[in-house]
Amino acid sequence: MVQEEPEIGMGKKNHELIPSARRLISSLRDMGYDFPAAVADIVDNSIEAGASRIAIDVRTDADDSWVRICDDGIGMKPAQVREALRYGATREYDERKALGKFGLGLKTASMSQCQHLLVASRSNPKQQQISAYAWDLAHILETDSWEILEIGAHEHADLLREPLKTHTGTVVLWRRLDRMLGFKHPYGGMIKKRLATMCVELEEHLAMVFHRYLAGEGGRRRLRITVNGKSLRAWDPFVRGEKATASVPPIVLHYDHDGVKGIVTIEPYVLPHQNEFSTPAAHAAAAGSLRWNRQQGFYIYRADRMVQSGGWSNLRTLDEHTKLARVAVRFDPRLDEAFRINVAKMRVQIPRQLREQMEQAIAPVIKMAQAAYRRSQSTAAPPATEGGKQSVVHPAEKQRDSETIRVRPKTLADLKVVRSSTLHHMWTIEELLFELERVATKEERLVVRAVLERLAAIEKPTEKQVRDEHLPARRGNGLERPLRGLLKHA
Ligand SMILES: Nc1ncnc2c1ncn2[C@@H]1O[C@H](COP(=O)(O)OP(=O)(O)OP(=O)(O)O)[C@@H](O)[C@H]1O
Ligand SMILES: [Mg+2]
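This one's a predicted model, so the numbers in the text were calculated from it and none came from an experiment.

Procedures and definitions
- Residues numbered from 1 in each chain as written.
- Chains lettered and ligands numbered in written order.
- Predicted model: local features only at pLDDT ≥ 70, side-chain atom pairs only at ≥ 80, totals over all residues.
- Helix = DSSP H or I, 4+ residues; strand = E, 2+ residues; numbered from the N terminus.
- Buried ≥ 20, exposed ≤ 12 C-beta atoms within 10 Å, placed from the backbone.
- Contact = placed C-beta atoms within 7 Å.
- Near = placed C-beta within 6 Å.
- Nonpolar A, V, L, I, M, F, W, Y, C, P; charged D, E, K, R; others polar.
- Core = buried A, V, L, I, M, F, W, Y, C linked by C-beta atoms within 7 Å.
- Domains from an automatic or database assignment.
- Pairing = 2+ DSSP bridges.
- Expected span 1.5 Å × (residues − 1).
- Axes fitted to C-alpha atoms, helices over the stretch in contact; angles between N-to-C directions.
- Parallel < 35°, antiparallel > 145°, perpendicular 65-115°, else oblique.
- Left-handed = near helix turned anticlockwise from the far one by under 90°.
- pLDDT = per-residue confidence, 0-100.

Visitor: So what's going on with the overall build of the chain? Residues and values would help.
Guide: In terms of regular secondary structure, the chain is built from 18 helices and 18 strands. Per-residue burial for the chain yields a buried fraction of 34% across its 490 residues. The contacts in the chain between residues at least 6 apart in sequence include a share of 69% that link residues at least 24 apart.

Visitor: Describe the site of ligand 1, and please don't skip the residues or the numbers.
Guide: Around ligand 1, 20 residues are found, and the nearest of them are Asn45, Ala49, Ala84, Gly100 and Gly105. Secondary-structure elements contributing two or more residues to the shell around ligand 1 are helix H2 (35–48) and helix H4 (105–111). The leading source of residues in the shell around ligand 1 is H2, at four residues. In terms of residue class, the shell around ligand 1 is built from seven nonpolar, seven polar and six charged.

Visitor: Mind laying out the nonpolar core, listing which residues take part and the relevant values?
Guide: Ranked by internal contacts, the top residues of the largest apolar core, which has 98 residues, are Val39, Val43, Val119, Leu206, Ile225 and Val327. When residues of this core are assigned to domains, at least three map to each of domain 1 (21–230) and domain 2 (246–379).

Visitor: Could you give me a rundown of the sheet that holds strand E3 (residues 116–122), with the residues and numbers involved?
Guide: In spatial order, the strands read E5-E4-E3-E6-E2-E1-E7-E8; together these eight strands make up an open sheet with mixed pairing. Looking at which strands have only one partner, the edges of the open sheet turn out to be strand E5 (149–150) and strand E8 (230–231). Bridge count between strand E2 (residues 66–71) and strand E6 (residues 169–175): six bridges; the pairing is antiparallel. Each bridged residue has a counterpart across the sheet, and for Ile69 the counterpart in E6 is Val172.

Visitor: Any details on unusual backbone geometry? Residues and values, ideally.
Guide: Outside of glycine, negative phi angles account for most residues, and trans bonds account for most peptide bonds. Positive phi, normally seen in glycine, also occurs at Arg176, with a value near 50°. Along the chain, the position of Arg176 falls in the loop between E6 and helix H7 (178–181). The exposure class assigned to Arg176 is partly exposed, which follows from the 19 C-beta atoms found within 10 Å.

Visitor: Outline the environment of Val119, listing residues and values.
Guide: As for its placement among the helices and strands, Val119 is situated in strand E3. Assessed through the 27 C-beta atoms surrounding it within 10 Å, Val119 is described here as buried. Through-space distance from the C-alpha of Val119 to that of Arg82 is 9.1 Å; in sequence the pair is 37 residues apart.

Visitor: So what's going on with helix H8 (residues 189–209)? Which residues, and what values?
Guide: Helix length check: H8 (21 residues) gives 30 Å between terminal C-alpha atoms against 30 Å at 1.5 Å per residue, within 8%. What H8 keeps buried is the set Ile191, Leu195, Met198, Cys199, Leu202, Glu203, His205, Leu206, Met208 and Val209. Where H8 is buried, its residues contact H2, strand E1 (53–59), H7, helix H9 (211–214), strand E7 (224–227) and strand E13 (305–309).

Visitor: Go over the packing of H2 against H8, please, and point to the residues and values.
Guide: Axis separation between H2 and H8 bottoms out at 9 Å; the angle between their running directions is 50°. Relative to H8, the element H2 lies oblique. The two elements H2 and H8 cross, and the hand of that crossing is right-handed. Where H2 approaches H8, its residues Phe35, Pro36, Val39, Ala40 and Val43 are matched on the opposing element by Met198, Glu201, Leu202, His205, Leu206 and Val209. For the contact of H2 with H8, a count of residues per class yields nine nonpolar, one polar and one charged.

Visitor: Quick rundown of the pairing of strand E4 (residues 131–136)? Include the residues and the values.
Guide: As judged from the six bridges shared by E3 and E4, these two strands associate in the antiparallel manner. Across the sheet, the residue bridging to His116 is Asp136, located in E4. Two strands pair when backbone bridges link them, and E4 and E5 are joined in this way by two bridges, in the antiparallel orientation. Looking across to E5, one finds that Tyr133 is bridged to Glu150.

Visitor: Mind laying out the pairing of E13, listing which residues take part and the relevant values?
Guide: Counting buried positions over the five residues of E13 gives four, a clear majority of the element. Where strand E12 (residues 297–302) and E13 come together, four bridges link them in antiparallel fashion. Within E13, the position partnered with Arg302 by the bridge is Arg305. As consecutive antiparallel partners, E12 and E13 are separated by two residues, and within that stretch Ala303 has a phi angle of approximately 50°, a positive value.

Visitor: Explain H2 residue by residue, including any values.
Guide: Spanning 14 residues, H2 covers 20 Å between terminal C-alpha atoms, matching the ideal 20 Å at 1.5 Å per step. Where burial is concerned, most of H2 is hidden: 13 out of the 14 residues are buried.

Visitor: So what's going on with the confidence of the model for the chain? Residues and values would help.
Guide: Scored by pLDDT, the chain comes out at a mean of 83, with 76% of its residues at no less than 70. A low-confidence stretch, residues 382–426 (pLDDT under 50), is modelled with 63 contacts involving residues beyond four sequence positions or located in other chains.

Visitor: Go over the environment of Pro364 with me, naming the residues and quoting the values.
Guide: Note on placement: Pro364 falls in helix H13 (residues 352–379). Take Pro364: there are 13 C-beta atoms within 10 Å of it, and that puts it in the partly exposed class. Placed 96 residues apart in sequence, Pro364 and Pro268 show a C-alpha to C-alpha distance of 8.9 Å.

Structure below.
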């Protein structure tokens, strides 16, 4: 007689192992969010709560700096706020259009940027009652327990109360912004500038990621998002408002694998080349924060919210000749597993089963983009030279790529700019600095700023120093004033 193998674990005592709060919450701070992606995850929640207005404010005040995200959604009752703050919060998700998925975003996104996350909510339109709770990293590290702090009514600062005075909604407040400030002693102008730069990046990111919501596409009412009081305008990667944008009819792919079924829609576009844009400003804006070359490729949307922008997901390489091709790829949350969406909602993978079909689907648009590129090259004016000196074409006027620098001036004095084929113009330092800032990518901008600041710090000696120390009358580099002006406005 064959003896049956006993099932593993049967008949034995099981042991519950509760993770260490101190270790896990600290580790979960590093899930790969950057500041804009973290805020976007909070905005997802507000949209799901039916918000029509979302106000994001960033206040710089050394150690007391904060970020606040307020919405006018349906809000939460006290028990719901507590559940919302639970790592792995449970709730039912609408498979077709839910933006949430993991029950983690509110916590992981927030704690990736700050040490103190406070959520206050009002769910009763008739009563101003607010419930508020907080995760506090210092408390977790001290107690090693999964304990949130209740914030009593008397502790509700105006910061929480004010936004919920007239309607239901939720306020998410981040304090002790260790990751955002990045300095042990976050004082002085550098911090202000750092946060100001981060806010610009935030605006760009949200305007892109939620552009369909901001524009009221898909039969929704328009969503209003403000950053420090400024209303965001949708950034449409396909510039569908431009007459010369070409599109290929959408292609619908049916995904059916291992019992998972769903539809993936592909909408290819070829953007106009520089001379075909309605205005130079429209062309410059369409370049996007990563500029033309790196903004080509797939724009992948999950439930109409962008989760990937640009790049060909290893189906092709980035290529100057195809930089005008941008392709919208849309899937609904039923295909989350297939697309391997990550918690930060910043990355997906094209399912293997779809790769070949997608390659075929984009083939025509690639050809169109290459043809458009050739057209643009044949109509582009050759780089101008004058009096034997090198010159560059003004980027805003000639609209060439920031990535393709044709001529490099040897010195600032050599820098002549052609605004048109007939009108010659000498760039001022201010113009040059402005253009540097404008064409630099996100990463480059920080470097450019750091260099500018160093330049600005080179002081012109005082008259007394010149007299006493026999210094040359002008040791400054002549850039201090315009640089200071620029940095003040940056
Ligand atoms: N602004 C808000 N208004 C109303 N309810 C909210 C708000 N923010 C969060 N919640 C509630 O808290 C829950 C937990 O949010 P959290 O972002 O942690 O997870 P999720 O949205 O369910 O999934 P994901 O991890 O994918 O974001 C949400 O499911 C929602 O019920
Ligand atoms: Mg969420």
